Amino acid sequence: MTELAAPPHFTAHAHVSKPLPTAVNLRHDWTQAQVRALHDKPLLELVYEAQTLHRQVFQENHVQLCSLLSIKTGGCSEDCGYCPQAARYDTGVKAEKLMQVADVLKSATAAKEAGATRFCMGAAWREIKDGPQFNSVLDMVKGVKALGLEACCTLGMLSDSQAKALKEAGLTAYNHNLDTSAEAYGDIISTRTYQDRLKTIERVRNAGISVCSGGIIGMGESIDDRCNLLITLANQPVHPESVPINALVAVEGTPLEKQAPVKPVEMVRMIATARLMMPLAMVRLSAGRMQMSQEAQLLCMMAGANSIFFGDKLLTTDNPAYGEDMALLKEAGIAPLLPAVER
Ligand code: SAM
Ligand code: DTB
Ligand code: SF4
């Protein structure tokens, strides 16, 4: 199916800053051969095409600044092979309790003062459990929204009623990554199925919360697996509004500790392909910036990435220093992208 006009979910894409040109195709019928052909184009042509489309939809020279906070760290029951927070791996990450609402809001206030427009709260849970902890998360969401920030959560699997409660609390977006292709998924995670992941995403979508879903490259998957991940994301009835692309942070103690770092150009190809397949999505250059030069990060932005997480830490691993990020953006003439509704 190909849509030529603004889709019904258009308003959910709060960041889209220009009237949608009718020439922008929102396709949901990508084949592996088509995506592989895009992904493997000569690099400069790929980047040129992605940047050209990016400029049709988004304000050029703008990148959203997002802040990430681990509100519940470590001790997770799952076996995600990349994750330093899985209790079964000896990574030095200690299990902590859920943070207090007031402390989370202090952190969100600081993030806002530092320029963030989106605040993402992550919990090392397999799934959300109803009760006092979930009620605290709802208070966190309300508080973050009251600060005028977009509120995003990533808390594992959820039920329809929990999705509804998060929506009512004002949650902007829910992050639940597919991580990799359906075919490669079983090599990385055994304690949850791909179908479970898709179901959670569907529940988020049905509750009217914007969907944030992407993946990780560099876990030993093939290029076809990367393409298949993007196809699963794009061939859903509605594209995710937000697509984080992570490069594996290989953490000692995890099964993937010995993975070779991805080449920056692989991130550029993945980002450009995501941009071309999902033109309205925020494509987020997420984990892995520590291993990338500033020039490589700029090339990712040239390829259509329009969001970064700033702050010295992601959830548990290091991220570039705030001052370095700000200096990079300033030098490159890149300004913070504001959500369209707040502009
Ligand atoms: N527990 C929840 C879940 O798994 O959905 C939410 C938190 S989980 C840490 C959020 C996402 O972070 C994962 O889906 C994965 O894509 C990403 N992530 C975790 N560890 C990573 C690593 N070492 N390198 C890159 N991305 C990672
Ligand atoms: C996403 O795709 N990447 C972010 C955010 N969504 C939650 C998390 C990256 C985590 C990297 C490993 C860590 O710091 O623990
Ligand atoms: Fe747990 Fe999420 Fe880490 Fe998997 S990715 S081990 S579910 S915190």
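Residues numbered from 1 in each chain as written. Chains lettered and ligands numbered in written order. Predicted model: local features only at pLDDT ≥ 70, side-chain atom pairs only at ≥ 80, totals over all residues. Heavy atoms only, no water.

*Asks:* Residue-level account of the packing of aromatic side chains, with values.
*Replies:* In this description, an aromatic ring pair is defined by two values, namely the gap between the centres and the angle between the planes. In the structure shown here, the tally under the stated rule is 2 aromatic pairs. Where Tyr185 meets Tyr194, the ring centres are 5.2 Å apart and the plane angle is 70°; that geometry is what we call edge-to-face. By relative accessible area, which is 9% here, Tyr194 ends up buried. Its guanidinium or amino end placed over the ring of Trp30, Arg27 lies 4.1 Å from that ring's centre, counting from NZ or CZ. (Phe/Tyr/Trp six-rings, centres within 6.5 Å; stacked < 30°, edge-to-face > 60°. Buried < 20%, exposed > 50% of the residue type's maximum accessible area, 1.4 Å probe, protein only. Lys NZ or Arg CZ within 6 Å of the ring centre and 35° of its normal.)

*Asks:* Got a sec to walk through the pattern of salt bridges? Specific residues and values, please.
*Replies:* Summed over the entire model, instances satisfying the criterion amount to 21 salt bridges. Between Lys106 and Asp103 there is a salt bridge, with the nearest N and O atoms lying 3.8 Å from each other. Of the two residues, Lys106 and Asp103 are both situated in helix H3 (residues 101-113); the distance of 3 residues between them amounts to about one turn of the helix. Judged by relative accessible area, Lys106 falls into the exposed class, the value being 59%. (Salt bridge = Lys/Arg side-chain N within 4 Å of Asp/Glu carboxyl O. Helix = DSSP H or I, 4+ residues; strand = E, 2+ residues; numbered from the N terminus.)

*Asks:* So what about the site of ligand 2? Which residues, and what values?
*Replies:* For ligand 2, the full set of nearby residues is Leu68, Pro84, Thr154, Asn175, Asn177, Pro244, Asn246, Phe309, Leu314, Leu315, Thr316 and Thr317. Within the contact set of ligand 2, an oxygen atom lies 2.9 Å away from a side-chain nitrogen or oxygen of Asn177. Within the backbone of Leu315, one N or O atom sits 3.0 Å away from an oxygen atom of ligand 2. Against a free-state accessible area of 410 Å², the protein chains account for coverage of 89% of ligand 2. When grouped by side-chain class, the residues that make up the shell around ligand 2 number 6 nonpolar, 6 polar and no charged. (Near = heavy atom within 4 Å. Polar contact = N/O pair within 3.5 Å; in protein donor to acceptor, adjacent residues only side chain to side chain. Areas by Shrake-Rupley, 256 points an atom, 1.4 Å probe, with all protein chains shown as cover. Nonpolar A, V, L, I, M, F, W, Y, C, P; charged D, E, K, R; others polar.)

*Asks:* Would you mind going over the side chain of His39 in detail, with residue names and values included?
*Replies:* By secondary structure assignment, the location of His39 is in helix H1 (residues 32-39). A relative accessible area of 3% places His39 in the buried class. If sequence neighbours within four positions are ignored, His39 has contacts with Leu46, Ile223, Cys227, Arg269, Met270 and Thr273. (Contact = heavy atoms within 4.5 Å.)

*Asks:* Which residues make up helix H8 (residues 223-234), and what are the values?
*Replies:* Relative to the 16 Å expected for 12 residues at 1.5 Å per residue, H8 spans 17 Å between its end C-alpha atoms, a close match to the ideal helical length. For H8, a buried count of 9 out of 12 residues is recorded, marking the element as mostly surrounded by other parts of the structure. Listing the buried residues of H8 in full gives Asp225, Arg226, Cys227, Asn228, Leu229, Leu230, Ile231, Leu233 and Ala234. (Expected span 1.5 Å × (residues − 1).)

*Asks:* Outline the environment of Ala260, supporting the account with residue identities and numerical values.
*Replies:* Inspection of the secondary structure puts Ala260 in the loop between strand S9 (242-247) and helix H9 (264-277). Judged by relative accessible area, which is 55%, Ala260 ranks as exposed. Separated by 42 residues in sequence, Ala260 and Gly218 place their C-alpha atoms 7.4 Å apart.

*Asks:* How would you sum up the site of ligand 1? Please name residues and give values.
*Replies:* Inspection of the region around ligand 1 gives 18 residues, with Tyr82, Trp125, Asn177, Asp179 and Val249 positioned closest. Take Tyr82: an N or O atom from its main chain is 3.0 Å from a nitrogen atom of ligand 1. At 3.1 Å, a backbone N or O of Ala123 approaches a nitrogen atom of ligand 1. In isolation ligand 1 has 550 Å² of accessible area, and contact with the protein removes 91% of it. Looking at the shell around ligand 1 residue by residue, the classes come out as 10 nonpolar, 5 polar and 3 charged.

*Asks:* Report on the pairing of strand S5 (residues 150-154), specifying residues and quantitative values.
*Replies:* For S5, the buried fraction is high: 5 of the 5 residues fall into the buried class. The two faces of S5 match: Glu150, Cys152 and Thr154 on one face and Ala151 and Cys153 on the other face are all buried. Bridge count between strand S4 (residues 118-123) and S5: 5 bridges; the pairing is parallel. Across the sheet, the residue bridging to Gly122 is Thr154, located in S5. When S5 meets strand S6 (residues 173-175), the two strands line up parallel, connected through 2 bridges. From the neighbouring strand, Cys153 faces S6, where its bridge partner is Tyr174. Where the polypeptide runs from S5 across helix H5 (residues 160-169) and back to S6, its parallel neighbour, the crossover connection is right-handed. (Pairing = 2+ DSSP bridges. Right-handed = clockwise from strand over helix to strand, strands pointing away.)

*Asks:* Which residues make up the pairing of S4, and what values do they have?
*Replies:* Most of S4 is tucked away: 6 of the 6 residues are buried. Alternating residues of S4 divide into Arg118, Cys120 and Gly122 and Phe119, Met121 and Ala123, and every residue in both groups is buried. The pairing of strand S3 (residues 62-72) with S4 spans 6 bridges and is classified as parallel. Paired with Ser67 across the strands is Phe119, a residue of S4.

*Asks:* Residue-level account of the confidence of the model for the protein, with values.
*Replies:* Mean pLDDT over the protein: 93, with 93% of residues reaching 70 or higher. In this model residues 1-12 is a low-confidence stretch, pLDDT under 50, and it forms 26 contacts with partners more than four residues away in sequence or in other chains. (pLDDT = per-residue confidence, 0-100.)

*Asks:* So what about the state of the cysteines? Which residues, and what values?
*Replies:* All told, the structure shown has 0 disulfides when counted by the stated rule. Cysteine Cys120 shares no disulfide, and the gap to the nearest cysteine sulfur, in Cys152, comes to 3.8 Å. A relative accessible area of 6% places Cys120 in the buried class. (Disulfide = S-S within 2.5 Å.)

*Asks:* Explain the packing of helix H4 (residues 132-146) against H5 to me, using residue names and the numbers behind them.
*Replies:* For the pair H4 and H5, interaxial distance at closest approach is 8 Å and the crossing angle is 30°. With respect to H5, the axis of H4 lies roughly parallel. Between H4 and H5 lies a crossing whose hand is right-handed. Between H4 and H5, the residues in contact are Phe134, Val137, Leu138, Val141 and Lys142 and Gln162, Ala165, Leu166 and Ala169, respectively. (Axes fitted to C-alpha atoms, helices over the stretch in contact; angles between N-to-C directions. Parallel < 35°, antiparallel > 145°, perpendicular 65-115°, else oblique. Left-handed = near helix turned anticlockwise from the far one by under 90°.)

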